[in-house]
Structure formats: C-alpha cells, structure tokens
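Now for the letters of each chain:
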4 protein chains.
Amino acid sequence: MSGTATDDDEILDGVYRALCNHGYADLTMQDIADECEKSTSLLHYHYDTKDDLLVAFLDGIITDYEQRLAGETERPPEQRLVTFLARFVFEPSEGHRESFHLALLEMRSQGPFDERIRDRLERSDTVLRETAAEILRDGVETGVFDPVDPDRTAALLVAALDGARTRQITLGDGQPDGSYTRVVVEELLAQVVDPLLGAGVDRPTLDTVLGDLERDEERS
Amino acid sequence: MSGTATDDDEILDGVYRALCNHGYADLTMQDIADECEKSTSLLHYHYDTKDDLLVAFLDGIITDYEQRLAGETERPPEQRLVTFLARFVFEPSEGHRESFHLALLEMRSQGPFDERIRDRLERSDTVLRETAAEILRDGVETGVFDPVDPDRTAALLVAALDGARTRQITLGDGQPDGSYTRVVVEELLAQVVDPLLGAGVDRPTLDTVLGDLERDEERS
Amino acid sequence: MSGTATDDDEILDGVYRALCNHGYADLTMQDIADECEKSTSLLHYHYDTKDDLLVAFLDGIITDYEQRLAGETERPPEQRLVTFLARFVFEPSEGHRESFHLALLEMRSQGPFDERIRDRLERSDTVLRETAAEILRDGVETGVFDPVDPDRTAALLVAALDGARTRQITLGDGQPDGSYTRVVVEELLAQVVDPLLGAGVDRPTLDTVLGDLERDEERS
Amino acid sequence: MSGTATDDDEILDGVYRALCNHGYADLTMQDIADECEKSTSLLHYHYDTKDDLLVAFLDGIITDYEQRLAGETERPPEQRLVTFLARFVFEPSEGHRESFHLALLEMRSQGPFDERIRDRLERSDTVLRETAAEILRDGVETGVFDPVDPDRTAALLVAALDGARTRQITLGDGQPDGSYTRVVVEELLAQVVDPLLGAGVDRPTLDTVLGDLERDEERS
DNA sequence: AATGAATGAGTTTTCATTCAT
DNA sequence: CATGAATGAAAACTCATTCAT
C-alpha cells in the first residue's frame, strides 16, 4: 500500500495543501492531485480509496503530534504545564498553521460519519487529555500544585484550548489585544493555573516558553 | 422568494433533520427533500440554490438563538451568568441536540470557504461573546463580581464552552462522570466564576438552573 | 383556447420580445411570462402547451405578413416588383425589426423538427414565392418584362432576399456602403430586374418606394 | 484538453450526427454521447462544457471549409467562380448534407446569443465573401469579367446562395424542376454571371463542375 | 511506477406542466 | 381569471474509481 517514502510524503503534503485551500467538504482527488502535481490514478495506486488516503493523512499528522508531546517527562510539572498550554498559541498571521488546524477541525467534524477517522481522532484526544492529566497528577503528587482532580481540570484546560483554537480559526481575528488563543491561554494561566500553584512555586512566563518553542522549531 | 411561513418552516425543518442525519459534507438536496417529504424541485422553487437554502437555515437558527439570549436582562448578573453557562450543558444521550451542534460545527468549518456562511457565523459569534461580556460588565459595575476584564474573561468562558461542546460532539461520550460539557461547566463555575463572586454573593447551583431551563423548553 | 383578444395579444407580444432577447433555443415559458408580466400558469391557461403558443405566434405574424402583401394587385407589375424587393430592406440600426427577423429565422430552423411549425412556414413561403412569380407572370404577359420563366426568376429573387436578410441578422453590419439587404436589393435591381424591363419601361427608384413604404407604415 | 486526434474526431463526428438528427435547440450531451457511443462523462473529460464542445466542433468544420476553399488560386477566374457556385448545389435526397447545413443554420441563429459562436461564424462569413470578391476582382483585372464592383456582386451571389440553401433546408423539396439550390445557381449563372463574361470568354457548364467536385470528394 | 482514457452513479439545477384555490 | 405551489423528467456537470498501456 505504500510506495517510496518520498512519494507518499509528497502526496500527503498534497492532501494538506488541498485541505487548506478547498476545505474538507469540497475536497476532490483532483484537488489533491493538482497540489502534488501527480495524477489521480497515482493517488489510487498508492491508496486504494479516498478514505484510505485521508486516514493515512490523519495518521501522519497525529503521529507527528504525539512525538512532539512525548519526551518531555523529565522537566518539572509547572514548566511542562505552561509548555503544554503555550503550544496552542498561534498568531492569526500564521496562515500556515491556521490552515492546518482548520483541516484538522474539518476532519473532526467528519468523525461521526467515518469510523476509521473517528478512531484516529479518539486516540489523538486521549493522548492529549492524558498528557494534561498526567502533568497535573505529577504536580499534585510532588506538591507543586494544590490538590485538584487532575482529570476534571485537564478537561477544562483542553476544552478551553480547543475552543480558543477553533474560534480563532473559524472566526478570524476579532480580538483587540492579541490572538484569541493567546488571550485564552493567558487567562487560563492567570485564573486557573496560578491559583493552583503551591506556595513558593514559580512558573515560567508564557513569553519565555513561547520563545523556547520557537527556537526548537527552527532547529528542526 | 419566501412563501407561507409554514411552508418554509417545513423545509427548514427538513434541512435540520437532514443535517443531523447526513452531516454537512454529505448533504444533498435530495436528503433534505426526503426529510420534509417534498420534491427537490420545490426546494429550488423556494430557494434558488442549495447555498441559498443553507444560508436561510443558518439565518433562522441564529435569529432563534439571539431571541432566546435576549429578554433576560432584568435578572441579576450572577444568575444570568450561570444560565449562560448552563445552556451549553447537554447529555450525550440527547442524540438530537448533539447532531444539531455537529451540523453547526461542520458549517463552521465551512466558513472560511463560503463568505455568506462566514458572515452569519461571525454575527452569531459576536452576539455570544458580547452577551457574556455584558453580563460580566454588569456584575463588575454593580459589585456582584470582583473587578476583571470582562472581554478577556468572556473569551475564556466562551472558548471553554465551545471547546467542551465540540469535543463532546466529535468524540462521543468517553467521560466517566457525566458529559464533557457538564464537567467543563462545573469546573468553570468552581475555578473561574466562584473566585469572581463578591463577598456575600450567592449564585444558583447548576442543577437548579438546568431544571429551570428544561421547564422553559417544555412550555414552548 | 383563446381568451380576450387583448390578453392573447399581450402574450404573443411577450413571445416576440422573449424570442428577441433569448433566442429560440433558450426560450422558456418563464421568459415569455416575464416579458408580458403574467404567470406561466396563465400562459398555459390560454395555450395548452409551449408548442401551441409558439404555433399561435407564428400564425399571427404570418397572417400579418400576408395581409400586407395582398391588396396591391392593381398597380403595374414593375412598380409591384420594386415594392416587393424594397420590403426586405432594413437598416442594421432598426434593432427592432432585426430581432423580429431573427426570431422568424430561429423558428425556421426549428421547422424540420416540428411538423406544425413546418406547415406554417411552408404556407408562408408559398405565399411569398407565388407573389413574386405572379408579379413576374403578369409583367411578362403584359409585355412589361421580357419573357422569362417566372418561377425560376422568383426563386432567384426570393433566395437572394432571404439570404441577405439572414446574413444581415446573424452577422451584423460589416458592410461598407449601407446595409447588407440594401446592397443586395440594389444589385438585384441593377443586375436582374433592369435587364428584364421591356423597351421603354421605367421602374420607380428604390428610394422612392422606400419612402412610400415608410409613409404607409406611419399611417397605421 | 485534446487527446488523440482520432478520439476527438469520433466525438466531433458524434456532434455532427447528433446535430443532424436532433437539431441545435434540442441537442443534449446524451444525444452526442449516443451518436459516438461514449459516455457523457467522457465528453466532459475532453471538453469542459457543452459550449466548449460545440465551439470546437464549429472550429473544426470551419477550418475544413477554409482549407477546401484555398489552393484553387491557380485556375482561371471563370472556372473558379463556377466552382464556387457549384459547391452550394445539393440534392434534397442527400439527407446527410442537408441536415448538416440545417445544423449550421441553427447555430447561426444562435450567434446573437453566444459570443464565441458568433466569432466563429463571422470569421467563416468573411472568408466566404472575400473568396467570392477575390475571384471577381481577379477576373475584372485580367479582363475575363466586365468591370463590376467585386464586393457588391459578391454580396449578391453569397446572399442568393445562402438563401437558396436555407430555403431548401427549411422548406423541403417543393421544387418542380430540380432542387432549390440548383435552380438558383443556374439562374445566377444565366442572369448574373453570363452577362459578366468578357467577349470570347467561355465558362464551364454547371454539370461539368459538379461532376468534378463529386470525383474529388470520392477520392478523399 | 505512472498516466490518460473511460465510466457509472450521483449532484444540482431547469423547466414544462398540473392543480388547488 | 389568475396565481403560487408543487412535481417529474431530464438537463449539464462532477467525481471516485478502474483499466489498458
């Protein structure tokens, strides 16, 4: 089912760009073929059906995402938590990243009608939510955070982050001071995270962490 | 372009049901026609294009929504705020309402590609966010709430509500203790709203308000 | 099948205008209804089918035409012949008359596929050709014209007139000196009619006759 | 947009036959597909829209026609003129050719409503008229023809030929002695061309030329 | 490995016509 | 008389998919 790694990658890149430019509902195999400058026949040679291709695309981006979340277990909880939140901040000007989230959102709305898509989305969600809960649990256990229900607080955080992203994507930037995602993350830090910090615990500022993330990205 | 109110309503009801059963991406005029037991020709007789019909549908539900939000300005802010939050709570079992929100979500993801849809969504969003900000501003002015930036807190609340709804819709009910929306609203009340309340101010419980809302709905 | 004379007339006028504005191939009942500001239902009330309506329209204009051709039998053949030719001259600027001939042409091209239309067109053609032949026969018998075969010469005249009209309608006015119809009629007079005139016979000039026709039209 | 010459040709042949059998006004993509035994999808694969296909068809036949008109410049003017006229003669029995001219006539009546069709028709007309004028000009210069205005006489000839063809097509064969086109061409030769011939110039007879044309056609 | 040709099933849309009022 | 509502049949066009090469 999969040919040269390069070929597949070019095709999945095509899916990405096509999704950004046309949206899920209007996405055709031809759109994808155009974006990667191949023929639709070739797409079918690599992936039996359109659905297969879309699922493979989802798998790809989700795996990417999981890999980025992992491997940070050594740092202190309060730092990991801020990083977790900071990852969701993006500027409306970053048309690139915005489109990507939009593509994901569209696939999400398709989940209920496509079992295989739904499976991937659920896995992705589980990872996300458990990562947050895990950080909180860690913090509570080590006394960095006041005792809270990690699952419920994780639910709140993830919901707010997700909602902020969705709104910023679908509604554009109507915010006066900064992007929607930034405002929400700042408020989450001030109104939810800070009251949680144990006595004498200091968390890194959002800007510090954002700077770190940016530097990491540039290196890869 | 619009005939009897009743006629149009039957058609828009058909759109509603068709959206719930098929989703936006796969919605055909035939699906809608089937749901309202009319011919596709008739749909085109009343609405020139599919897009026209969908836009009319959006207009309808948004107007409905706005009317429901209005007319509550007399009650005290803390009560209005809880009601505002409570409106977003629903159980996964309510397949009906869930499907509807899903359909809306799909239309939202279509926004960036359809100007007319985008316009409606933006108007709807503005109303929602300003309603929340308005309640908060009221409360701050009357001393019911501690001084906060109403716009930023409204952004947080709306994002969390929206995200909770989206996740509950797209991911099904994986929650151990109650629906995702309920968990998030409860946490918002506990972690965001309660710290906001001025000394001596009591807010109604979520269950009380949910009961009230249910009673209201049954009456109409 | 026919209501008030006035109603029918308004409808047939609508057919005329619709035909001019949309062409036969794209003509819809709605186009006609729009032009006469009535409903399509009313059209069907007066004429059972679209075809019926079109046939009635053809009948109307053909009858008009025949009436104009008749009643000139008393004048001398050479005068009648020039008048016959002159009737075909029109300026490209007369958008009105041009459209009308176009409408007729379109119905003509539909003849082979519609028996009832074909019948009308054939009757109209017979009248036209026999009128020309009759004039020529008259002239030959009275010695005004040299002996020619009236039928064959009539065929030539009618073909040239018809062709000129068609070309002027469908191709617009690319002619350097005057309209296409005028050029052809002038050449017919010079190259076909004049060599036919018996010794000492004078025919009226084209301009004289055109002036007469114009005056006649204004009176009605 | 164009594949193998053969493929496209089969489709354009289908257009030809479909036009003959159904006429322009009632022509559907399905009709064309049936005639060339392909699917409508394939037609759309090769030509984006019905209009594109029709325009390509027009382009094809006009180019054919132009090529046939060219390459005869070496022969003497009186012979070329008779050939020019003879090309318009056809028998009503040739249902085939008749239908084709009918189809063309229908497209002509569509010209005023379709810019791209109009463009092609105008080009075709220009070629035709200038070919006739060119022959006449040649003959006048070399003394084969008496001095006449080549443009005006060309207009007369073309109009008569066109009209004859149109009438024969749309009205069927009501002629007693031979086809309408033959009668008109014969009369044009006798009444217009012969008086034009310089002293001592002989022109070929119509039958001779018709025989030649027929032989040419069989060879290809 | 890659493509152009080909298609069937389906989609939106059009339109003459009918019918209840 | 006159109309708006309603529809069935058919139109152009789309698109995922297949297949020969």
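Higher on the page you've got the structure.
Being a predicted model, the structure only gives us computed values, none of them experimental.

**Student:** I would appreciate a short explanation of the relation of the copies chain C and chain D in the present structure.
**Tutor:** The operation relating the two chain copies consists of a rotation about an axis and a shift along that axis. The transform that puts chain C on chain D rotates by 180° and translates by 0.1 Å along the axis, for an RMSD of 0.4 Å. Taken together, the turn and the small shift mark the pair as related by a two-fold rotation axis.

**Student:** Before we go on, may I ask you to explain the packing of helix α5 (residues 77-86) of chain D against helix α7 (residues 115-141) of chain D in this structure?
**Tutor:** Each packed pair of helices is defined by two parameters, the angle between the axes and the distance between the axes. Residue and element names in this part refer to chain D. Across the interface, α5 lies against α7 with an axial gap of 9 Å and an inter-helix angle of 155°. The pairing of α5 with α7 is recorded here as roughly antiparallel in orientation. Where α5 crosses over α7, the handedness of that crossing is left-handed. Contact with α5, carried on its side by Pro 77, Arg 80, Leu 81 and Phe 84, involves Leu 128, Thr 131, Ala 132, Glu 134, Ile 135, Leu 136, Asp 138 and Gly 139 of α7 and no other residues of that element. Looking at the contact of α5 with α7 residue by residue, the classes come out as seven nonpolar, two polar and three charged.

**Student:** In this structure, what is going on with the interface of chain B and chain A? I would like to understand it.
**Tutor:** Interfaces are frequently sized by the accessible area removed from exposure as the parts join. Tallying the contact residues gives 45 residues for chain B and 45 residues for chain A. Summed over both sides, the interface between chain B and chain A buries roughly 3,900 Å², with carbon and sulfur atoms accounting for 56% of that surface. Across the chain B-chain A interface, the total number found is eight salt bridges. Across the pair Glu 187 of chain B and Arg 152 of chain A runs a salt bridge whose closest N-O atoms are separated by 2.8 Å. Summed over the shared surface of chain B and chain A, the number is 10 residue pairs in polar contact (both at pLDDT 80 or more). Among the elements that take part in the side of chain B that touches chain A, helix α8 (residues 150-171) of chain B stands out by supplying 15 residues, more than any other. Class assignment for the residues of the side of chain B that touches chain A results in 22 nonpolar, 11 polar and 12 charged.

**Student:** Whenever I open this one, helix α5 (residues 77-86) of chain C confuses me. Can you help?
**Tutor:** Structural remark: α-helix, 3.6 residues per turn; residues separated by three or four positions point the same way. Counting buried residues along α5 of chain C, nine of its 10 residues qualify, which places the element largely inside the surrounding structure. Check the buried side of α5 of chain C and you find it contacts α4 (50-69), α7 (115-141), α8 (150-171), α9 (180-193) and α10 (206-219) of chain C.

**Student:** What's the story with the protein's contact with DNA strand E in this structure? I'm lost.
**Tutor:** Lining the immediate environment of DNA strand E, one finds 29 residues, of which Asp 7, Ser 41 and Tyr 45 of chain A, Lys 50 of chain C together with Ser 41 of chain D sit closest. Across the atoms of DNA strand E situated within 4 Å of the protein, the share located in sugar and phosphate is 59%. In the model, a phosphate oxygen of DNA strand E is placed 3.3 Å from a nitrogen or oxygen of the Ser 39 of chain A side chain. For DNA strand E, a base oxygen lies 2.3 Å from a polar atom in the side chain of Ser 41 of chain A. Secondary-structure elements contributing two or more residues to the surface near DNA strand E are α3 (40-46) of chain A, α3 (40-46) of chain B, α3 (40-46) of chain C together with α3 (40-46) of chain D.

**Student:** Please explain the nonpolar core as it appears in this structure.
**Tutor:** Soluble globular proteins tend to pack their nonpolar side chains together in the buried interior. Membership of the largest hydrophobic core comes to 76 residues, with the highest contact counts inside it found for Phe 84, Leu 85, Val 184 and Leu 188 of chain A together with Leu 85 and Leu 188 of chain B. Apart from the residues lying within four places of it in its own chain, the contact partners of Phe 84 of chain A are Leu 69, Leu 128, Thr 131, Ala 132, Ile 135, Val 158 and Leu 161 of chain A. Formed by 75 residues, the second largest nonpolar core is a distinct cluster that contains Ala 154 and Leu 206 of chain C together with Leu 206 and Val 209 of chain D.

**Student:** For this particular structure, what's the right way to read the relation of the copies chain B and chain A?
**Tutor:** Structural alignment of chain B on chain A gives an RMSD of 0.4 Å, achieved by rotating through 180° and translating 0.2 Å along the axis. Here 98% of the interface residues in chain B have copies in chain A that are interface residues too; the copies meet face to matching face.

**Student:** Honestly, the interface of chain C and chain D in this entry has me stumped. Any pointers?
**Tutor:** Facing 45 residues of chain C, the contacting portion of chain D comprises 46 residues. Across the chain C to chain D interface the summed buried area is about 3,900 Å²; carbon plus sulfur atoms make up 56%. Our count for the chain C to chain D interface comes out at eight salt bridges. Arg 167 of chain D is the partner of Asp 125 of chain C in a salt bridge, and the nearest nitrogen-oxygen pair spans 1.7 Å. Counting across the chain C and chain D interface gives 10 residue pairs in polar contact (both at pLDDT 80 or more). Mapped onto the side of chain C that touches chain D, the elements with two or more residues apiece are α1 (5-22), α6 (95-110), α7, α8 and α9 of chain C. By residue number, the principal contributor to the side of chain C that touches chain D is α8 of chain C, which donates 14 residues. Taken together, the residues of the side of chain C that touches chain D sort by class into 22 nonpolar, 11 polar and 12 charged.

**Student:** Mind showing me how you'd approach the protein's contact with DNA strand F here?
**Tutor:** Not every one of the 29 residues close to DNA strand F is listed here, only the nearest: Met 29 and Lys 50 of chain A, Ser 41 and Tyr 45 of chain B together with Ser 41 of chain C. Backbone atoms, meaning sugar and phosphate, make up 59% of the atoms of DNA strand F lying within 4 Å of the protein. Between a base oxygen of DNA strand F and a side-chain N or O atom of Ser 41 of chain D, the distance comes to 3.5 Å. In this structure, a phosphate oxygen belonging to DNA strand F sits 2.9 Å away from a main-chain N or O atom of Lys 50 of chain D. Counting residues per element, the ones that place at least two in the surface near DNA strand F are α3 of chain A, α3 of chain B, α3 of chain C together with α3 of chain D. Here the surface near DNA strand F takes four residues from α3 of chain B, the largest share from any one element.

Cut-offs applied
Residues numbered from 1 in each chain as written. Chains lettered and ligands numbered in written order. Predicted model: local features only at pLDDT ≥ 70, side-chain atom pairs only at ≥ 80, totals over all residues. Heavy atoms only, no water. Least-squares fit on C-alpha atoms with pLDDT ≥ 70 in both. Axes fitted to C-alpha atoms, helices over the stretch in contact; angles between N-to-C directions. Helix = DSSP H or I, 4+ residues; strand = E, 2+ residues; numbered from the N terminus. Parallel < 35°, antiparallel > 145°, perpendicular 65-115°, else oblique. Left-handed = near helix turned anticlockwise from the far one by under 90°. Contact = heavy atoms within 4.5 Å. Nonpolar A, V, L, I, M, F, W, Y, C, P; charged D, E, K, R; others polar. Buried area = accessible area lost by both parts, 1.4 Å probe. Salt bridge = Lys/Arg side-chain N within 4 Å of Asp/Glu carboxyl O. Polar contact = N/O pair within 3.5 Å; in protein donor to acceptor, adjacent residues only side chain to side chain. Buried < 20%, exposed > 50% of the residue type's maximum accessible area, 1.4 Å probe, protein only. Near = heavy atom within 4 Å. Core = buried A, V, L, I, M, F, W, Y, C linked by side-chain atoms within 4.5 Å.

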